[in-house]
Amino acid sequence: MANKSQMRKNTLLGYLFIGPWLICFLAFTALPFAASFFLSFTEYNMLSVPKFIGFSNYIRLFTQDNLFMTSLGVTFKFVFISIPLRLLFALMVAMILNRDSKAVPIYRVIYYLPSILGGSVAVSVMWKYCFSKTGVFNSFLNMLGIPCNISWISNKDTALWSIILLFIWQFGSPMLIFLSGLKQIPRSYYEAAVVDGAGPVKKFFRITLPLLSPIIFFNLVMQMIGGFMVFSQAMIITDGGPMNKTLVYALYLYRQSFAYYKMGYGCAMAWILLVIIGFFTALVFKSSSAWVFYENEMFDGKSNKRKGRARRK
Amino acid sequence: MIRKKLSNTVLFHAVVCAIGFVMIYPLIWMFFSSFKESSLVLSTVDHLFPEKWEFGNYLNGWSGFGGTTFTTFFQNSVIVTVVSVIGNVLASAMAAYGFTRIRFRGRGFFFICMLITMMVPSQVLVVPQYIIFNGLNWVNTFLPLTVPEWGGRAFFIFLIMQFIAGIPKDLDEAAEIDGCGKVRLFTRVMMPLIKPALATSAIFSFYWKWDDFMGSLLYLNSPEKYTVSIALKLFCDPTSVSDYGAMFAMCVASLLPVIVLFLFTQKYIVDGIAMSGLKA
């Protein structure tokens, strides 16, 4: 009997500790989550009661709303260019920095600084003026002998690229994660490879890349989710223009919900975004067995993922 | 051999410094531009240093717009950020302790719920949240920005959980044998031990809240309630801005707290990210 009352006491204590989280979770996440799903099947403008209209929002999105398709295309282009490039750059810099030098901590700080500041309004404003007609980027090109006086942010072919570049610029956190991953690879592997006559390219593809693949995978998933939600940079730098070339999904969703007060429509868009993110996350997870490599596979040939994951921590 | 090694080291430093300089250059440029005469900011881009140091930009910028100065905006940001950070870290630590060290019914289920919240895009929640806060009459107050933070964040809960998992359970048991209840165990024993994880959470919580633009954009609609991020956005609006010196001065001012905090705490950040794979 004592055990039972102990159990009850523990349950009470448990809910006491997770209480604040649980209350906020129910009120500000679970309830809105359910409400959003319901609202996506309604017409709602906050003034009158939600009117149930079935799948109309979804049907209209896919059949009549050109801007929806535009924003989807812009976002895909943005995510699939900026995230791989960001990770590539992070890996490259991490490999350069992976050496014993007293200066490395200082370099780490410098390279990480843009990631700390990148989400702020100030940096977006700065970026806007760096890539304007008379901005820093053009003066840099001119210095290199490439005459250039287009405005990168208001040219329809380059506007999205200036935002992509802003994202690549913030490669700090994956870089730090890769760097700590690289540090965990035993030096003896490389030494053995050199004895066997492997060059730097082979060392990279046969040792570094396979051993880092779990970390790369984790970062790819998390960064992609973040990439699909890009909002403030696009709003501040270009505000969706020119000619909707930078109208990212979250910005269009914001306009539908809070500028035109089509809140049911906005919720339908949000659920499509959720499905898209879920789909790509699942895809990356599913395909991971083909390219994510856990260390012990190297030795006993059997995949023992759990152990590999534990090691990663 | 030694010579090769030396030239290799020189090459390393040269390459790393060059990349670093190009990366940081826009920030340096903004800093010096904030001291240039307003009419020269965009016409003397190729000169980094101002010919004449114009400290007045900061005074002009600080006077803000619509009769509200940046003193108000900074005050608002500080209130929102500090209140959020305290609640965020406290609730995250409590939840992390509950999930790792107390066995109770429903633990597994709610733990999964917490993990899922990390994957849900905020856009899904934003409209109903707005309706809820509007119904509570919280719009144009700081409450929508601060109250939800008192539930903690999944990222921090997860980070602190990993840290607690590294603390031997014997310690809990020893304390309990000595008659220390779970609550006291948490406040007296656990909290001091998990300080590094709390510090990392607090720092990131600060950055995210200080930079938060979406929340302020949605919920604050009178200038005396504006936080720095939304005020800066309106201050820098292309249709209204003409004083580029003042604009950059306020941009620099808004980044200053973040940069100072970063320089003092970078060790926690670097270790924290490496430990958890946190996004930022």
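Residues numbered from 1 in each chain as written. Chains lettered and ligands numbered in written order. Predicted model: local features only at pLDDT ≥ 70, side-chain atom pairs only at ≥ 80, totals over all residues. Heavy atoms only, no water.

When helices and strands are counted, chain A shows 15 helices and two strands. A compact globule built from 313 residues should have a C-alpha radius of gyration of about 20 Å, whereas chain A, at 24 Å, is more than 25% larger. Referenced to the eigenvectors of the C-alpha coordinate spread, the extents of chain A come out at roughly 85 × 75 × 35 Å. Here chain A holds 313 residues, and 55% of them are scored as buried. Pairs at least 24 residues apart make up 66% of the contacts formed inside chain A by residues separated by at least 6 positions. (Helix = DSSP H or I, 4+ residues; strand = E, 2+ residues; numbered from the N terminus. Rg over C-alpha atoms; globule rule 2.2 N^0.38 Å. Buried < 20%, exposed > 50% of the residue type's maximum accessible area, 1.4 Å probe, protein only. Contact = heavy atoms within 4.5 Å.)

Residues and elements named next belong to chain B. Across all of its chains, the model carries nine salt bridges over all chains by this definition. Residues K209 and E149 are paired through a salt bridge, measuring 2.9 Å at the closest nitrogen-oxygen approach. Placement of K209 in helix α10 (residues 195-211) and of E149 in the loop between α6 (143-146) and α7 (154-165) is noted, with a sequence separation of 60 residues between them. The exposure class assigned to K209 is buried, which follows from its relative accessible area of 10%. One salt-bridge network, held together by shared partners, links E149, R153 and K209. (Salt bridge = Lys/Arg side-chain N within 4 Å of Asp/Glu carboxyl O.)

What follows covers a nonpolar patch on the surface. A grouping of V78(B), I79(B), V82(B), V83(B), I86(B), L90(B) and W150(B) is seen on the molecular surface, where their side chains present a nonpolar patch of about 560 Å² in accessible area. With respect to the element layout, V82(B) can be found in helix α3 (residues 70-101). (Patch = residues over 30% accessible without salt bridge, like charges linked within 9 Å, V, L, I, M, F, W, Y side chains within 5 Å. Areas by Shrake-Rupley, 256 points an atom, 1.4 Å probe, with all protein chains shown as cover.)

The next thing to look at is the interface of chain B and chain A. Listed as interface residues are 92 residues of chain B and, on the opposing side, 83 residues of chain A. When chain B packs against chain A, close to 7900 Å² is buried across both sides, 81% of that on carbon and sulfur atoms. Our count for the contact surface shared by chain B and chain A stands at zero salt bridges. Top contributing element to the side of chain B that touches chain A by residue count: helix α13 (residues 244-276) of chain B, with 16 residues. Residues that form the side of chain B that touches chain A fall into these classes: 68 nonpolar, 18 polar and six charged. (Buried area = accessible area lost by both parts, 1.4 Å probe. Nonpolar A, V, L, I, M, F, W, Y, C, P; charged D, E, K, R; others polar.)

As a further point, take the confidence of the model for chain A. Residues and elements named next belong to chain A. Residues with a pLDDT of 70 or more make up 93% of chain A, whose mean pLDDT is 86. Put simply, helix α15 (residues 305-312) is where chain A has its lowest mean pLDDT, 40, and helix α12 (residues 249-259) is where it has its highest, 94. Overall, residues 299-313 carries pLDDT values under 50, and its contacts beyond four positions in sequence, including any with other chains, amount to 19 contacts. (pLDDT = per-residue confidence, 0-100.)

Time to look at the environment of L88(A). Residue and element names in this part refer to chain A. Tracing the chain through its elements places L88 in helix α3 (residues 66-97). With a relative accessible area of 55%, L88 lands in the exposed category. C-alpha of L88 to C-alpha of P174: the two residues are 86 residues apart in sequence and 9.5 Å apart in space.

Since the α-helix turns once every 3.6 residues, residues separated by three or four places project in the same direction. All names here are of chain A. The first and last C-alpha atoms of helix α4 (residues 104-117) sit 21 Å apart over 14 residues, in line with the 20 Å expected at 1.5 Å per residue. At Y111, α4 shows its largest bend, some 30°, and a proline, P114, comes one to four positions later. The element α4 is extensively covered by neighbouring structure, given that ten of its 14 residues are classed as buried. What α4 keeps buried is the set V104, Y107, V109, Y111, Y112, L113, P114, S115, I116 and L117. (Expected span 1.5 Å × (residues − 1). Bend = angle between axes of the 7 residues up to and from the residue.)

This part covers the packing of aromatic side chains. Scanning all chains against the criterion turns up 69 aromatic pairs over all chains. Aromatic side chains F279(A) and F280(A) sit 5.3 Å apart centroid to centroid with 80° between the ring planes, which places their arrangement in the edge-to-face category. F279(A) gets classed as partly exposed once you look at its relative accessible area, which sits at 48%. A ring pair is formed by F32(B) and F49(B), whose centres lie 4.7 Å apart and whose planes are at 75°; its orientation type is edge-to-face. One end of the pair, F32(B), is in helix α1 (residues 2-33); the other, F49(B), is in the loop between α1 and α2 (56-62), and 17 residues separate them in sequence. Overall, F32(B) belongs to the buried group, its relative accessible area being 13%. According to the relative accessible area criterion, F49(B) is exposed, its value standing at 53%. Its guanidinium or amino end placed over the ring of F12(B), R99(A) lies 4.2 Å from that ring's centre, counting from NZ or CZ. Of note, K262(A) hangs over the ring of Y265(A), and the distance from its end group to the ring centre comes to 5.8 Å. (Phe/Tyr/Trp six-rings, centres within 6.5 Å; stacked < 30°, edge-to-face > 60°. Lys NZ or Arg CZ within 6 Å of the ring centre and 35° of its normal.)

This part covers the side chain of S229(B). Position of S229(B) among the secondary structure elements: in helix α12 (residues 228-235). Side-chain polar atoms of S229(B) contact the backbone oxygen of D212(B), separated by 2.7 Å. Not counting chain neighbours up to four residues away, the residues in contact with S229(B) comprise V121(A), W210(B), D211(B), D212(B), F213(B) and S216(B). (Polar contact = N/O pair within 3.5 Å; in protein donor to acceptor, adjacent residues only side chain to side chain.)

When the terminal C-alpha atoms of helix α10 (residues 200-228) of chain A are compared, their 35 Å separation across 29 residues is substantially less than the 42 Å that a helix rising 1.5 Å per residue should span. The principal kink in α10(A), of about 55°, is found at S213(A), preceding the proline P214(A) by one to four residues.

Residues and elements named next belong to chain B. Their axes nearest at 9 Å, the elements α3 and α10 cross at an angle of 145°. For the crossing formed where α3 meets α10, the hand is right-handed. Of the residues in α10, those touching α3 at F74, S77, V78, V80, T81, S84, V85, N88, V89 and A93 are L198, S201, A202, S205, F206, K209 and W210. Looking at the contact of α3 with α10 residue by residue, the classes come out as ten nonpolar, six polar and one charged. (Axes fitted to C-alpha atoms, helices over the stretch in contact; angles between N-to-C directions. Left-handed = near helix turned anticlockwise from the far one by under 90°.)

By size, the foremost hydrophobic cluster in this structure holds 203 residues, and its most contacted members are W21(A), L27(B) and Y207(B). Each residue touching Y207(B), except ones within four places of it in the same chain, is listed here: I116(A), V258(B), L261(B), F262(B), T265(B) and I269(B). (Core = buried A, V, L, I, M, F, W, Y, C linked by side-chain atoms within 4.5 Å.)

All names here are of chain A. Checked against the element boundaries, I164 lands in helix α7 (residues 159-169). Between the alpha carbons of I164 and L31 there is a distance of 34 Å; along the sequence they are 133 residues apart. When neighbours within four sequence positions are excluded, I164 is seen to be in contact with F78, I81 and S82.

Next up on the list: the environment of W152(A). Residues and elements named next belong to chain A. The topology assignment puts W152 in the loop between α6 (136-143) and α7. As a C-alpha pair, W152 and S132 span 20 residues in sequence and 5.8 Å in three-dimensional space. Discounting chain neighbours no more than four positions away, the residues touching W152 are F131, F137, N138, L141, T158, A159 and S162.

This part covers unusual backbone geometry. The phi torsion at M46(A) lies on the positive side, around 80°, for a residue other than glycine. By relative accessible area, M46(A) is classed as buried at 18%. If you check the backbone angles, N137(B) has positive phi at about 65° while not being a glycine.

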